[in-house]
Amino acid sequence: MCGIMGFSGNLKKEQESSVDVVLNGLKSLEYRGYDSSGIAYYDNDDRVIKYIKKSGKLTNLSNEFSCITPLNSDAAIGHIRWATHGRPTDENAHPHIDCTGDIAIVHNGIIENYVVLKNKLIKKGHKFTTETDSEVIAHLIEDYINNGKSFYEAVRLSSLELLGAFAILALNAGEKSIAAVKFGPPLVLAQKDNNIYVASDISPLIEYTNDVIYLKNSEIAYFHYGNLEITTFKGKKINKTTTKIDWDASRAAKSGFSHFMQKEIYEQPARLLDAFSSRVMYNDGMKDNVVNINKIKIQRNALGSNENTQNSFNEVFAGAGLKISLEGLKLTKNDVLNSSKIVFIACGSSYYASLAIKYMMEMICGLPVIVGYGSEFRYENFPVSQNDIFVGISQSGETADTNSALEVAKAKRAKILSITNVPGSQITGLSNKGVIYTHAGPEIGVASTKAFTTQLLCGLLLALYIREKSGFIPQYRWFNSQNIFKDLVELPKKMEKILFIDETLKDIAKKYYKSSNFLYLGRGILYPIALEGALKLKEISYIHAEGYPAGEMKHGPIALVDENMPVLFLLSNNMLASKTISNIEEIKARGGRIIAVADYEPEIDGLSDLIRIPETLEVLSPILYTLPLQLFAYHIAALKGTDIDQPRNLAKSVTVE
Ligand code: AGP
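Residues numbered from 1 in each chain as written. Predicted model: local features only at pLDDT ≥ 70, side-chain atom pairs only at ≥ 80, totals over all residues. Heavy atoms only, no water.

This paragraph deals with the overall build of the protein chain. Along the backbone of the protein chain there are 18 helices and 29 strands. Over its C-alpha trace the protein chain gives a radius of gyration of 26 Å, about what one expects of a compact globule, namely 26 Å for 657 residues. Summarising its shape, the C-alpha atoms of the protein chain cover approximately 80 × 55 × 50 Å along the three principal directions. Considering the protein chain as a whole, with its 657 residues, one finds that 61% of them fall into the buried category. If you take every contact in the protein chain between residues at least 6 apart in sequence, the share linking residues at least 24 apart comes to 71%. As displayed, the protein chain offers around 24,600 Å² of accessible surface, 50% of which is attributable to carbon and sulfur atoms. Considering the protein chain, the positive charge centre built from 71 side chains and the negative charge centre built from 73 side chains are found 4 Å apart. (Helix = DSSP H or I, 4+ residues; strand = E, 2+ residues; numbered from the N terminus. Rg over C-alpha atoms; globule rule 2.2 N^0.38 Å. Buried < 20%, exposed > 50% of the residue type's maximum accessible area, 1.4 Å probe, protein only. Contact = heavy atoms within 4.5 Å. Areas by Shrake-Rupley, 256 points an atom, 1.4 Å probe, with all protein chains shown as cover. Lys, Arg positive; Asp, Glu negative; His and termini not counted. Charge placed at Lys NZ, Arg CZ, Asp CG, Glu CD.)

Structure, rendered in structure tokens:
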């Protein structure tokens, strides 16, 4: 997935140029991909488009521009790349230029018919200079202009010819105008005074305004010098409403932490509260005594984390009513009563969150839950009926594999809802039964942390919401409103307690960071967290780690275990505790070095390390167990010196299949 940014406006020449604005914007988008970058700008002095593009990190491009500033320019487009077609070289970096040099484009997505178009254009005499699919866009626009079309018309007609997924910015020298085209990957606009900004997401825009305009598929924005016009691909002019974003620029900064990932790990107590505040009400039977979560007092300390002081629950908990309200969700009682199954579709960490939510849903709602990989589901012959409820989980809301799978289900008339972190993202447009926002705020670190735990929480709220609609009474002794509300409200405080043992986790990491392999083992609702913990370690430290059901080890993978194999167990004081202890003994007998994360003091010796965490209800335990695994992976990666916020080969959101 790539990041694109554009600007057109009236800048005071001596202050800054359009290149400064776009370069600054690309810095906010760098988490989306960082194989190469480039900017094309209109030079007001020479009255031509100029550009610089460089492979490698964005600093390579900044250094090039620092040699030629100040610039007199008030229109520019920029790109930061995660390579799909063509090696990450200077030449293949964006922007791409047409034969005349009057058209420059940057592109996020994939042009699926670029070979056909390229061959057609070469026959017409166009000269290509790169291996990329994107370059064909510049020459296609040029070709329409050669046939007498205006720049806008040339862009519009080109958009109708392209197949695939594309968010495009095109800069035209003749009019100094910019056209933004959206079909698939996101594009967001903002207008401030006489300046117009456009970007792949709101991160670069938030420092200028909180009011943004989300382009939808098959829409074009065309602007110069503060004049903005939005049309459909068919040329029909449309008026768009603005969306107010409650993210402020400070929240997107690091707030004093070493990495965005570390900051986002520490934010989790506060973000969990954001995720369930005003969505969970408890009525103790006396109507005027409904306790809203917002009444819980929160005090912040230096690190921005929270010390959750809470009211005593004795006077509140007398009995019956837990009420879940999920704003925007359109799931009716009949939808729930008529549903034959609930299907979760997701990728990566969001898929692991779905697996944990499956346990929650089946325990609380008694409905069969299926979880599918976005990349696989789309091509399976999975029976879908109009009574099925499909839930897409995606932090970015732009994961092509997830969205494509949901489109298949929607075409078969299934009910679609989503759990996502980004307002206006593509998945929200697919969700005909509404969206549950995680309210995690901008997650800049490529490795998902607060997005993951808030997804788990929103999945629990959805389970409680569906149970409420269905009237199902779980046969679990622990299930009553009192227990759930109490443990929910205590969750941020318990997360905080785990953050307090961060130094212990750092000391443990020092013993293992030179390992080449890891096993992460868990059972039941903690098995998906073993998978997520292994993924965190893999993606930021580049150490091979495998998550596995603890009970399955004896059926083969235990052959991997020797004294060089650290094995991390997730151990909870529940009905599986004795089974997991047996699995630990099996590993111990083969010399494995055992780290245990436990919510009680297990009666077992020979553990290399024990990480104690607070106890909570089983349905909430995945949220607590995730946190020490995030911190452990973070410290191992920091000791290894890898690029924690922008790990090699990764992108924050994969908008290609
Ligand atoms: C998570 O640490 C990874 N960066 C990755 O697996 C991610 O969860 C996956 O690509 C799905 O992204 P999404 O949640 O934005 O759909």
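Read on for the rest.
Scanning the model with the defined rule gives 31 salt bridges in all. D74 serves as the salt-bridge partner of K176, at 3.7 Å between the closest nitrogen and oxygen. Note that K176 is positioned in the loop between β7 (164-172) and β8 (177-183) and D74 in the loop between α2 (58-66) and β4 (75-81), a separation of 102 residues in sequence. Each member of the pair, K176 as well as D74, carries the same accessibility label: buried. (Salt bridge = Lys/Arg side-chain N within 4 Å of Asp/Glu carboxyl O.)

Quick look at the packing of helix α4 (residues 135-146) against helix α5 (residues 151-161) now. The geometry of α4 relative to α5 is characterised by a closest axis approach of 8 Å and an angle of 125 degrees between their N-to-C directions. In terms of orientation, α4 lies oblique with respect to α5. Crossing of α4 over α5 shows right-handed handedness. The segment α4 lies against α5, with L140, I141, Y144 and I145 engaging F151, A154, V155, L157, S158 and E161. In the contact of α4 with α5, the residues fall into eight nonpolar, one polar and one charged. (Axes fitted to C-alpha atoms, helices over the stretch in contact; angles between N-to-C directions. Parallel < 35°, antiparallel > 145°, perpendicular 65-115°, else oblique. Left-handed = near helix turned anticlockwise from the far one by under 90°. Nonpolar A, V, L, I, M, F, W, Y, C, P; charged D, E, K, R; others polar.)

On to the site of the ligand, then. Around the ligand, a shell composed of 13 residues is seen, among which S350, S394, S396, T399 and E539 lie nearest. Here an oxygen atom of the ligand sits 2.7 Å away from a polar atom, N or O, in the side chain of S394. Q395 is positioned such that a nitrogen or oxygen atom in its backbone is 2.7 Å from an oxygen atom of the ligand. The fraction of the free accessible surface of the ligand (410 Å²) that becomes covered by protein chains is 90%. Each residue belonging to the shell around the ligand can be placed in one class, and the counts come to three nonpolar, eight polar and two charged. (Near = heavy atom within 4 Å. Polar contact = N/O pair within 3.5 Å; in protein donor to acceptor, adjacent residues only side chain to side chain.)

Our focus in this paragraph is the sheet that holds β8. As summarised here, the arrangement of the six strands in space is β5-β6-β7-β8-β12-β13, forming an open sheet in which the pairing is antiparallel. The sheet is open, and its two borders are formed by β5 (96-97) and β13 (227-232), each paired with just one other strand. As defined by bridge partners, β5 adjoins strand β6 (residues 103-111) across two bridges and the pair is classed as antiparallel. Residue H96 lies in a different strand from β6, and its bridge partner there is I105. Strands in contact with α4 are β5, β6 and β7; relative to β6, the strand with the most contacts, it is inclined by about 130 degrees. (Pairing = 2+ DSSP bridges.)

It is worth spelling out the pairing of strand β23 (residues 415-420) at this point. Most of β23 is tucked away, with six of its six residues classed as buried. In β23, alternate side chains face the same way, and those of K415, L417 and I419 on one face and I416, S418 and T420 on the other are all buried. Pairing geometry for strand β22 (residues 389-394) and β23, over six bridges, is parallel. Within the sheet, the bridge partner assigned to I393 lies in β23 and is I419. Once the chain exits β22 it traverses helix α11 (residues 400-411) before rejoining the sheet at β23, and the crossover so formed is right-handed. (Right-handed = clockwise from strand over helix to strand, strands pointing away.)

A word on the packing of aromatic side chains. With the rule as written, the count across this model stands at 17 aromatic pairs. Consider the rings of Y351 and Y352, whose centres lie 6.0 Å apart with planes at 65 degrees: the pair is edge-to-face. Of the two residues, Y351 and Y352, neither departs from the other in class, the shared state being buried. Here a set of aromatic residues connected by ring pairs shows up, and it is made of Y512, F518, Y520 and F632. Positioned over the ring face of Y542 is R648, at 3.9 Å from the centre of the ring. (Phe/Tyr/Trp six-rings, centres within 6.5 Å; stacked < 30°, edge-to-face > 60°. Lys NZ or Arg CZ within 6 Å of the ring centre and 35° of its normal.)

Moving on: the sheet that holds strand β29 (residues 609-612). Here we have five strands laid out as an open sheet, ordered β26-β25-β27-β28-β29, and parallel in their pairing. The open sheet terminates on both sides in strands that have one partner only, identified here as β26 (544-549) and β29. Strand after strand, the sheet turns through a mean of 20 degrees between neighbouring axes, direction not considered. Looking at chain direction, strand β28 (residues 593-598) and β29 are connected through four bridges and run parallel. Looking at β29, one finds that A596 is bridged to L610. Contacting β25 (517-522), β27 (566-571) and β28, helix α17 (residues 577-588) runs over the sheet at an angle of about 170 degrees to β27.

So, on to the confidence of the model for the protein chain. Here the protein chain averages 89 in pLDDT, while 91% of its residues score no lower than 70. Across residues 287-320, where pLDDT falls below 50, the model places 78 contacts with residues more than four positions away in sequence or in other chains. (pLDDT = per-residue confidence, 0-100.)

Let's shift gears to the nonpolar core. Soluble, globular proteins show a tendency: their nonpolar side chains are buried together. Counting 98 residues, the largest nonpolar core has F344, M361, I466, F518, Y520 and F632 as the members making the most contacts within it. If near-sequence neighbours (up to four positions away) are discounted, F344 is found in contact with S354, I357, M361, V369, I370, V371, G372, V391, I393 and L462. (Core = buried A, V, L, I, M, F, W, Y, C linked by side-chain atoms within 4.5 Å.)

With respect to the secondary-structure elements, T454 resides in helix α13 (residues 450-470). Its relative accessible area of 1% is what places T454 among the buried residues. Side-chain polar atoms of T454 contact the backbone oxygen of K450, separated by 2.6 Å.

For residues other than glycine, phi is negative in most cases, and the peptide bonds are mostly trans. In the segment running from H94 into P95, the intervening peptide bond is cis, with an omega of 10 degrees. As for its placement among the helices and strands, P95 is situated in the loop between β4 and β5. In this model, S218 sits at a positive phi of 65 degrees, which is unusual for a non-glycine residue. Along the chain, the position of S218 falls in the loop between β11 (211-214) and β12 (219-224).

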